[in-house]
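Working through the structure, step by step
So you can see what is in the structure, the chains are spelled out below.
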Amino acid sequence: MDNINYNRSINLVEDGMSIESQGNIEYQLLSPMFPWYYQKKSTSIKYNKLSERESPYFSHIFNDIGRKGNDYHASIIKRHFSDIFKNIASFYNASNVTVYRSKCNFYKKTNNIFEYRHLPLHVDLPTKHIVIIYYVNDSDGKTVFENGEKVSPKRGRLIFFDGSLKHSMFLPRFHDRLAINMDVGFT
């Protein structure tokens, strides 16, 4: 993986999958049969310092390093993102993709807005990787980066960037925020 050029730019893809796939993903994630798990804090103490600026949310881990999630729900990632993984690998002149972690985060809109309004900046993993964020719905909970750049969640929008770039999100005030976060590596 050391020969991969991980540039620090934030790459944005509009409608990287069909409208049908976008609707299918949203339908599956909002189905009463889809399991969500309550999380008290948004940032892991494992790789980042905890902060007072935390907010509870719901998550679902499809897979994590060394742990496999439910095959049925993990198939959402395989079915809808395999072509996207190939295209991003090609962007980095790589041939194989390893998905280290994939999860979905669901933040409910809130009026509990603190002074800075965004959660703590963080990295997802301590190793080289690319972060891919797919926005399942339109929301006002922007993704923010350590360089001050911001990306608005828009249904079907996908961003990918060097995983060493610290990032976070603003809590949504008007529309729930539903996003799939994937950490991948290439060979």
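Being a predicted model, the structure only gives us computed values, none of them experimental.

Another point: unusual backbone geometry. A positive phi is found at aspartate 15, a non-glycine position, where the angle reads about 45°. Positionally, aspartate 15 belongs in the loop between strand 1 (11-13) and helix 1 (19-30). Here aspartate 15 falls in the partly exposed class, since its relative accessible area comes to 41%.

Of all eleven residues making up strand 5 (residues 97-107), eight are buried, and the element is well covered by its neighbours. When strand 3 (residues 57-64) meets strand 5, the two strands line up antiparallel, connected through five bridges. Following the sheet pairing, isoleucine 61 is matched in strand 5 by lysine 103. Summarising the sheet, strand 5 and strand 11 (residues 177-186) pair through ten bridges and their orientation is antiparallel. In the strand pairing of strand 11, arginine 101 is matched with aspartate 183.

Another aspect to go through is the sheet that holds strand 10 (residues 167-169). As summarised here, the arrangement of the three strands in space is 8-7-10, forming an open sheet in which the pairing is antiparallel. Two strands in the sheet have a free side with no partner beyond their single neighbour: strand 8 (150-151) and strand 10. Strand direction decides the pairing type here: strand 7 (residues 143-145) and strand 10, joined by three bridges, are antiparallel. Looking across to strand 10, one finds that phenylalanine 145 is bridged to histidine 167.

On to the pattern of salt bridges. Summed over the entire model, instances satisfying the criterion amount to six salt bridges. Between arginine 155 and glutamate 26 there is a salt bridge, and its shortest N-O distance comes to 3.5 Å. With arginine 155 in the loop between strand 8 and strand 9 (158-162) and glutamate 26 in helix 1, the pair connects residues that are 129 residues apart, well separated along the chain. Taking the relative accessible area as the measure of exposure, glutamate 26 reaches 22% and is therefore partly exposed. A salt bridge links aspartate 183 to arginine 101; the shortest N-O distance between them is 3.1 Å. Taken together, the residues span a long stretch of sequence, with aspartate 183 in strand 11 and arginine 101 in strand 5 at a distance of 82 residues. For aspartate 183, a relative accessible area of 0% translates into the label buried. Here the salt bridges share partners, and the residues they tie into one network are Glu14, Lys154 and Arg157.

Core analysis: the biggest nonpolar cluster contains 27 residues, and Ile25, Leu29, Phe81, Ile132, Tyr134 and Ile180 have the highest contact counts within it. Secondary structure elements with two or more residues in this core: helix 1, helix 2 (71-91), strand 5, strand 6 (130-135), strand 9 and strand 11. Here isoleucine 180 is in contact with Ile25, Leu29, Phe62, Ile77, Phe81, Lys103, Cys104, Ile132, Ile133, Tyr134 and Val136, once residues within four sequence places are set aside. Judged by nonpolar contacts, the second largest core, of ten residues, contains Ile133, Phe145, Ile159 and Phe161.

Conventions we followed
- Residues numbered from 1 in each chain as written.
- Predicted model: local features only at pLDDT ≥ 70, side-chain atom pairs only at ≥ 80, totals over all residues.
- Heavy atoms only, no water.
- Helix = DSSP H or I, 4+ residues; strand = E, 2+ residues; numbered from the N terminus.
- Buried < 20%, exposed > 50% of the residue type's maximum accessible area, 1.4 Å probe, protein only.
- Pairing = 2+ DSSP bridges.
- Salt bridge = Lys/Arg side-chain N within 4 Å of Asp/Glu carboxyl O.
- Core = buried A, V, L, I, M, F, W, Y, C linked by side-chain atoms within 4.5 Å.
- Contact = heavy atoms within 4.5 Å.

These results come straight from atomic positions and should not be treated as a statement about function.
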